[in-house]
Amino acid sequence: MPISEVSEILLQVLMSLFPEVLDSCPSFSGLTMPRSASFAQRRRAARKSLCIIMTLLFVIIGFYLFYTTQDHLLGHNSTHPIVFLRRMYAHIQSQSLTESSLFDRRSSDGFAGCIVVKDDNDRISEWIAYHWLILPLKYLVVAVDPTGKTSPRKIIDLFNDTKKYDLGMEILLWDDADYGHWIDEELDDIHKHRARQKRFLAECQKYHKARNRTWVAVIDPDEFITYNIISDDDRDPERKHDVDVFGLMDGTNFTEFNYRVSMQEARRAMTKENVLGLKTVIQYINEHRQEAPWNSEPCYLMPRTLFSAIESPPDALYDSGVTQYGFDPNKFSTLKYFKHGEKGSWFDNHFGKVIVDLSRVDEKEIVHDMRNIHSPLDSCYYPFRFYETGLLRVHHYLGSWEQYSAKSDVRRNREKFDEAAFVNYGTDFQLQSWLKRFVDIVGVENSKHLLQHSGVIENPRSHLSMMEQPDYGYIRVKPP
């Protein structure tokens, strides 16, 4: 394991276990004194050094004792110390949100969502369960692209079963007729898909706004929202970008110096607070709603990070903490893939995605002929921002070649897959503990039932698309 990865894990564990102790020590700044320093200044510097050394010594001794005597509490024995350290951090995270009284599955305060699926049954249950826990996702509209061959209805019905699972969610399944989409036969397949996406996103936002919902997530089934906490593989803010990003972002506040500084300060604060394990996204936004960017950006752009198809070794899979319950981490993109593209790179990650506060959007702004799904409103900025200014980010999972090729899409081919499959600019375990937390809240058996389709690529019953299958009942909308 690289020393940078070890230091990152150790830092997170220390911040989780000993926040008060670490806060009581001054920072490393000021430890190197100039020759002209007074005796009192040198004595204060010596005290700073002694405080830090004693804290680190205390942590090291405590960790050694804990490792040698308590490994069995986490369900492991004779583990390598570094592997154990990483598991201990995952264990700490798994307890935080689970034990927090702030998580209320019956609360109506949460996110809405709009998502288009096309042969995504192997992904959609993981996507719903994850965002139910993290955002939390409360209201979801799923549009089915009928040019695909599989319907997600059986999965949606599971999550809608309030008597058995009581997740407090409302999920609707829409076909073309439900949002008035008609197919323009003069368009090629790519532009037909984009036209469907745009009309659906407009009608979905109108649907949620009419019901007084606030934040709505506009992402895809292979994308997962998380906090953009600081890690050791962050991009150097001063490093030159691979495209002229200043030209791309002209007219936005993303390039302003004061904005960039304030967003980086907010990221440092959320990292120190260990917000990942303590708060849902809606709780964090509500706590800071009077501050930028939440009070100034109703269309909030999140940078994306691509996660490649490089598979993880067995010990990393085991660290998810769910094999003890009979789950196979290989069935979940968020538990299997940790190698990612260069954070902040345009070529690896492309456009970002948005969440929209509909309570601050005039309905007249919600139109079918939006620029693109990355900027669904005229008030949305150009969909690229400096990575270090994002408080949330989106993990974008390529998946295996089997997953990638199983989805009928003219834009997908082996060459494109190989371009992204082996990128490796770092390792990010940030989402590794979510399923353990989900199981702790929902229960083992309920979780198994809800997630039984995760990672399972279906063999279509027919070579025909759903709109061509007689028993599907597709209703073709006539052009206006």
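As a starting point, this report considers the structure included with it. Along each chain, residues carry numbers from 1 onward, in the same order as the chain's sequence is written. For a predicted model such as this one, the threshold for reporting local features is a pLDDT of at least 70, and the threshold for listing and counting side-chain atom pairs is 80 or more; totals across whole chains, interfaces and linings nevertheless cover every residue. The basis for every side-chain value is the complete set of non-hydrogen atoms in the structure, without hydrogens or water.

Some remarks on the packing of helix α5 (residues 121-134) against helix α17 (residues 434-442)
Alright, step 1. Two numbers describe how α5 lies on α17: the axes approach to 10 Å, and their chain directions differ by 75°. Between α5 and α17, the angle is such that the two are roughly perpendicular. Across the interface between the two elements, Glu126, Ala129, Tyr130, Trp132, Leu133 and Ile134 of α5 pack against Trp434, Arg437, Phe438, Ile441 and Val442 of α17.
Alright, step 2. Each residue gets one of three labels, nonpolar for Ala, Val, Leu, Ile, Met, Phe, Trp, Tyr, Cys and Pro, charged for Asp, Glu, Lys and Arg, and polar for the others, Gly among them. Residues of the contact of α5 with α17, tallied by class, amount to 9 nonpolar, no polar and 2 charged. Where helices are involved, their axes are fitted lines through C-alpha atoms of the stretch in contact, as for all axes, and angles between N-to-C directions lie from 0 to 180°. A run of DSSP states H or I qualifies as a helix once it reaches four residues; a run of E qualifies as a strand once it reaches two. Both are numbered from the N-terminal end. Every angle not falling under 35 degrees, over 145, or within 65 to 115 is termed oblique; those three ranges are roughly parallel, roughly antiparallel and roughly perpendicular. Two residues form a contact once any of their heavy atoms are found within 4.5 Å.

Quick look at the sheet that holds strand β3 (residues 170-174)
Alright, step 1. Spatially, the 6 strands line up as an open sheet ordered β3-β2-β1-β4-β8-β6, and their pairing is mixed. Only two strands of the sheet have a single partner each, and these edge strands are β3 and β6 (299-302). Neighbour-to-neighbour, the strand axes of the sheet open up by a mean angle of 20°, direction not taken into account.
Alright, step 2. One requirement defines pairing of two strands: DSSP has to find at least two bridges between them. Pairing geometry for strand β2 (residues 137-144) and β3, over 5 bridges, is parallel.

Things to note about the state of the cysteines
Alright, step 1. Any two cysteine sulfur atoms lying within 2.5 Å of each other are counted as a disulfide. Tallied over the full model, the rule gives 2 disulfides.
Alright, step 2. With a sulfur-sulfur separation of 2.0 Å, Cys114 is cross-linked through a disulfide to Cys204. Measuring the twist about the S-S bond at about -90°, one finds the Cys114-Cys204 disulfide to be left-handed. A residue pair is termed long-range when its members are at least 10 positions apart, and Cys114 in strand β1 (residues 111-117) and Cys204 in helix α7 (residues 189-210) qualify at 90 residues. Per residue, the accessibility class of Cys114 equals that of Cys204, and both read buried.
Alright, step 3. There is a disulfide in this structure between Cys299 and Cys380, and the S-S distance comes to 2.0 Å. Since a negative S-S torsion denotes a left-handed disulfide, the Cys299-Cys380 link at about 95° is right-handed. A residue pair is termed long-range when its members are at least 10 positions apart, and Cys299 in strand β6 and Cys380 in the loop between β8 (353-357) and β9 (392-397) qualify at 81 residues. Taken as a pair, Cys299 and Cys380 share a single burial class, namely buried. Accessibility here uses a 1.4 Å probe with only protein chains present; expressed as a share of the type maximum, an area under 20% marks a residue as buried, one over 50% as exposed, and anything in between as partly exposed.

Thoughts on α7
Alright, step 1. Taking 1.5 Å of rise per residue, the 22 residues of α7 would be expected to cover 32 Å, and the 32 Å separating its terminal C-alpha atoms lies within 8% of that figure.
Alright, step 2. Of the residues making up α7, those classed as buried are His193, Arg196, Gln197, Phe200, Leu201, Ala202, Cys204, Gln205, Tyr207 and His208.
Alright, step 3. Remark: Asn212 follows α7 within two positions and exhibits a positive phi of approximately 60°. The span one expects for a helix is its residue count, reduced by one, times 1.5 Å.

Quick notes on the pairing of β9
Alright, step 1. Among the 6 residues in β9, 6 count as buried, and that is most of the element.
Alright, step 2. Residues Leu392, Val394 and His396 of β9 are buried on one face, and the alternating residues Arg393, His395 and Tyr397, pointing to the opposite face, are buried as well.
Alright, step 3. Note: strand β5 (residues 223-227) against β9, 5 bridges, orientation antiparallel. Within β9, the position partnered with Ile225 by the bridge is Val394.
Alright, step 4. Relative to β9, strand β7 (residues 304-307) is paired through 4 bridges, and the arrangement is parallel. Within β9, the position partnered with Leu306 by the bridge is His396.

Side note on the pattern of salt bridges
Alright, step 1. We define a salt bridge as a contact between a side-chain nitrogen of Lys or Arg and a carboxyl oxygen of Asp or Glu at a distance within 4 Å. As enumerated under the stated definition, the model contains 25 salt bridges in all.
Alright, step 2. The salt bridge partner of Asp120 is Lys407, with a shortest N-O separation of 3.2 Å. Here Asp120, found in the loop between β1 and α5, pairs with Lys407, found in the loop between α15 (401-406) and α16 (414-421); they are 287 residues apart in sequence, far enough to count as distant. Lys407 matches Asp120 in its accessibility class, with the two residues each being buried.
Alright, step 3. The partner of Glu458 in a salt bridge is Lys154, and the shortest N-O contact between them spans 3.2 Å. With Glu458 in the segment after α18 (444-450) and Lys154 in helix α6 (residues 153-159), this pair connects stretches of sequence that are 304 residues apart.

Some details on the nonpolar core
Alright, step 1. The criterion is simple. A nonpolar core is a set of buried Ala, Val, Leu, Ile, Met, Phe, Trp, Tyr and Cys residues joined through side-chain atoms within 4.5 Å. In this structure, Phe111, Phe200, Ile355, Trp434, Leu435 and Phe438 are the most contacted members of the largest nonpolar core, which totals 94 residues.
Alright, step 2. Each residue touching Phe200, except ones within four places of it in the same chain, is listed here: Cys114, Ile115, Val116, Val141, Val142, Ala143, Trp174 and Tyr179.
Alright, step 3. By size, the runner-up hydrophobic cluster in this structure holds 8 residues, among which are Leu306, Phe417, Ala421 and Val423.

Quick notes on the pairing of strand β4 (residues 215-218)
Alright, step 1. Judged by which residues are buried, β4 turns out to be covered on both faces: Trp215 and Ala217 on one side and Val216 and Val218 on the other are all buried.
Alright, step 2. Pairing of β1 with β4 involves 3 bridges; the strand directions are parallel. By the bridge assignment, Cys114 is partnered in β4 with Val218.

Quick look at unusual backbone geometry
Leave glycine aside and you will find that most residues have negative phi; peptide bonds, for their part, are mostly trans.
Alright, step 1. Here the amide bond leading from Leu135 into Pro136 is cis, since omega sits at -5°, within 30 degrees of zero.
Alright, step 2. Tracing the chain through its elements places Pro136 in the loop between α5 and β2.
Alright, step 3. Ala292 connects to Pro293 through a cis peptide bond whose omega is 10°.
Alright, step 4. Examined against the element boundaries, Pro293 turns out to sit in the loop between α11 (281-287) and β6.
Alright, step 5. The phi dihedral of Asn274 is positive, around 55°, even though this residue is not glycine.
Alright, step 6. Position of Asn274 relative to the elements: it lies in the loop between α9 (257-273) and α10 (275-278).
Alright, step 7. If you check the backbone angles, His350 has positive phi at about 60° while not being a glycine.
Alright, step 8. Structurally, His350 can be placed in the loop between α14 (346-349) and β8.

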